[in-house]
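Geometric and topological summary
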Amino acid sequence: KLFFDLELIKKEAKGSEMVLAGEQLVILDSQNLAVYSLGIKNKNAIILAGGEQLKDCLKIAAFGDKIYILITKGVLEGKLKTQNEKLKTVVEEDKDWEEIKDLAVFAGNLYLLDRKEIWVYPATAEGFGRKRAWLKSSADFSQAIEMVIDGAIWVLKKDGIVEKYLRGSKEAFGVEGLDKQFLEPSGLYTSFNEEKLYILDRGNSRIVVLEKNGQYHSQYKNPQIATAQDFVVSEKEGKIFLLQASKIYEIALK
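Since this is a predicted model, take the numbers as computed values, not measurements.

1. Describing the overall build of the chain
Check the secondary structure of the chain and you find zero helices and 26 strands. Relative to the 2.2 N^0.38 estimate, which gives 18 Å for 254 residues, the radius of gyration of the chain is 17 Å and therefore close to what a compact globule would have. Referenced to the eigenvectors of the C-alpha coordinate spread, the extents of the chain come out at roughly 45 × 45 × 25 Å. Relative to its full complement of 254 residues, the chain shows a buried share of 54%. Of the charged side chains in the chain, 37 are positive and 38 negative, and the gap between their average positions amounts to 1 Å.

Structure, rendered in structure tokens:
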């Protein structure tokens, strides 16, 4: 079911990443160098930011009333309810970075997923403090696609492997009960508020729902899922929101 057309906000808009911030969808348009905000209840939409400051934008995250955008030269910060705001740099590119794959904010702290490390930048009154290595032993995230945090850190890899880390250490975790293996998985979603783990499995045109112990729970299949860019889930609203270029679709949770 069509939920919203982003071209109502900006002509030729195309979302590349999407996150959920309370009752707002925040969409990164890397092609048009813009960030949009969309209310999931009232569908009020605004352009939060845009222009050359978003050049080479890669990923987006949100926490509280702030948005965070990963670019090749660091992390930008903006406000969730301010239209066409100039973003500010809160983290500069670091000499220790190898290849930052994703970012997430949890409990106010900023986490960056690198090729062999997870860097955490602690929240301070002024923004973020100096980075520190979060992992207690080395890891290989060269094939990582996405990272989400609900207290534990979850990492999805290109081969469909999901890894769970807690307090800096890797936990035993495996997916069980699938009728077919993941094929071209491209997205992972959960949060502190969600009871389940969700995986966007484009190769099988489905979204797979897992218990957080790895056990299969259910799946949602639709041919359009094969071409989706991203997705988020609100168990409170009972909906999956699916980003497909300029369109956002909704799937009712059952």
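2. A word on the sheet that holds strand E18 (residues 162-166)
As summarised here, the arrangement of the four strands in space is E16-E17-E18-E19, forming an open sheet in which the pairing is antiparallel. Each edge of the open sheet is held by one strand with a lone partner, namely strand E16 (144-149) and strand E19 (169-171). For this sheet, the mean angle separating the axes of adjacent strands, direction not counted, is 30°.

3. Considering the side chain of Glu194
Mapped onto the fold, Glu194 is located in the loop between strand E20 (185-189) and strand E21 (197-201). Lys212 is the oppositely charged side chain nearest to the buried, salt-bridge-free Glu194, at an N-O distance of 7.3 Å. In this structure the side chain of Glu194 is engaged in a polar contact, spanning 2.4 Å, whose partner is the side chain of Ser191. For Glu194, the side chain forms a polar contact with the main-chain nitrogen of Glu235, separated by 3.1 Å. If sequence neighbours within four positions are ignored, Glu194 has contacts with Tyr189, Lys212, Val233, Ser234, Glu235 and Lys236.

4. What about the pattern of salt bridges?
Opposite charge on two side chains allows them to pair when their charged atoms are near. Taken as a whole, this structure holds 20 salt bridges when the rule is applied. Glu77 is the salt-bridge partner of Lys88, the closest N and O atoms lying 3.7 Å from each other. Of this pair, Lys88 sits in strand E9 (residues 88-92) while Glu77 is found in strand E8 (residues 74-79), placing the two residues eleven residues apart along the sequence. For Glu77, a relative accessible area of 9% gives the class buried. For the salt bridge of Lys212 with Asp150, the shortest nitrogen-to-oxygen distance reads 2.8 Å. Separated by 62 residues along the polypeptide, Lys212 in the loop between strand E22 (206-210) and strand E23 (216-221) and Asp150 in the loop between E16 and strand E17 (153-157) bring together distant segments of the chain. Residue classification places Lys212 among the partly exposed residues on the basis of a relative accessible area of 23%. The class for Asp150 is buried, based on a relative accessible area of 13%.

5. Brief notes about the sheet that holds E22
With respect to topology, four strands assemble into an open sheet ordered E20-E21-E22-E23, the strand pairing being antiparallel. Strands with a single pairing partner mark the edges of an open sheet, and in this sheet they are E20 and E23. Strand-to-strand twist of the sheet, defined as the mean angle between neighbouring strand axes without regard to direction, takes the value 20°. The pairing of E20 with E21 spans four bridges and is classified as antiparallel. Across the sheet, the residue bridging to Tyr189 is Tyr198, located in E21.

6. Overview of the layout of surface pockets
Estimated volume of the largest pocket: approximately 860 Å³. Surrounding the largest pocket, 37 residues form its lining, Leu20, Ala62, Tyr189, Thr190 and Ser191 being those nearest its centre. Going through the elements one at a time, strand E2 (17-21), strand E6 (57-63), strand E10 (102-106), E16, E20 and strand E24 (230-234) are the ones with two or more residues in the lining of the largest pocket. Here the residues of the lining of the largest pocket sort into 22 nonpolar, six polar and nine charged. Its boundaries defined by the atoms lining it, the second largest pocket holds a volume of some 180 Å³. Together, Ser16, Glu17, Leu58, Lys59, Ile100, Lys101, Ala144, Ile145, Glu146, Ser186, Gln229 and Asp230 line the second largest pocket. Listed by contribution, the elements that provide at least two residues to the lining of the second largest pocket are E6 and E16. When its residues are assigned to classes, the lining of the second largest pocket shows four nonpolar, three polar and five charged.

7. Quick notes on the nonpolar core
Leu6, Leu25, Ile27, Ile207, Phe231 and Ile248 are the most contacted members of the largest nonpolar core, which has 32 residues in total. It is strand E25 (residues 239-244) that contributes the most residues to this core, four residues altogether. When near neighbours in sequence (up to four residues on either side) are disregarded, Leu6 contacts Ala13, Gly15, Ile27, Tyr36, Leu243, Ala245, Ser246 and Ile248. Counting residues in hydrophobic clusters, the runner-up holds 18 residues, among them Leu28, Ile60, Ile67 and Ile71.

Parameters at a glance
Every residue gets a number counted from 1 within its own chain, in the order that chain's sequence is written. Local features in this predicted model are restricted to residues of pLDDT 70 or higher, and side-chain atom pairs are both shown and tallied only at a pLDDT of 80 or more, whereas totals for entire chains, interfaces and linings draw on every residue. Note: side-chain values were computed over all heavy atoms of the structure, leaving out hydrogens and water. Secondary structure elements are taken from DSSP: a helix is a run of H or I of four residues or more, a strand is a run of E of two residues or more, and numbering for both begins at the N terminus. Two things to know: the radius of gyration comes from C-alpha atoms, and the globule rule equals 2.2 Å times the number of residues to the power 0.38. Categorising residues by exposure relies on relative accessible area from a 1.4 Å probe, with only protein chains included: less than 20% of the type maximum marks a residue as buried, more than 50% marks it as exposed, and the intermediate range marks it as partly exposed. Asp and Glu count as negative and Lys and Arg as positive, but His and the ends of the chain are not part of the count. By convention, the point assigned to a charge is CZ for Arg, NZ for Lys, CD for Glu and CG for Asp. DSSP bridges decide pairing: two strands pair if at least two such bridges lie between them. Axis geometry follows a simple rule: fit a line to the C-alpha atoms, using only the stretch in contact for helices, then measure angles between N-to-C directions, giving values from 0 to 180 degrees. Whenever Lys or Arg places a side-chain nitrogen within 4 Å of a carboxyl oxygen from Asp or Glu, that contact is recorded as a salt bridge. Nitrogen and oxygen atoms within 3.5 Å of one another constitute a polar contact, given that in protein one can donate a hydrogen and the other can accept it, and given that sequence-neighbouring residues count only through two side-chain atoms. Contacts between residues were defined by any pair of non-hydrogen atoms, one from each residue, lying within 4.5 Å. In this analysis a 1.4 Å probe is tested at points of a 1 Å grid over the protein atoms alone, and where it fits but cannot get out there is a cavity; an open set with protein on both sides within 12 Å along at least five of seven lines is a pocket; lining residues have an atom within 4 Å of a point. Grid points are joined across faces, edges and corners, and a volume is the space filled by probe spheres set on the points. Under the convention adopted here, Pro, Cys and the residues Ala, Val, Leu, Ile, Met, Phe, Trp and Tyr are nonpolar, Asp, Glu, Lys and Arg are charged, and Gly plus all remaining residues are polar. In this description, a nonpolar core means a group of buried Ala, Val, Leu, Ile, Met, Phe, Trp, Tyr and Cys residues linked to one another through side-chain atoms lying within 4.5 Å.

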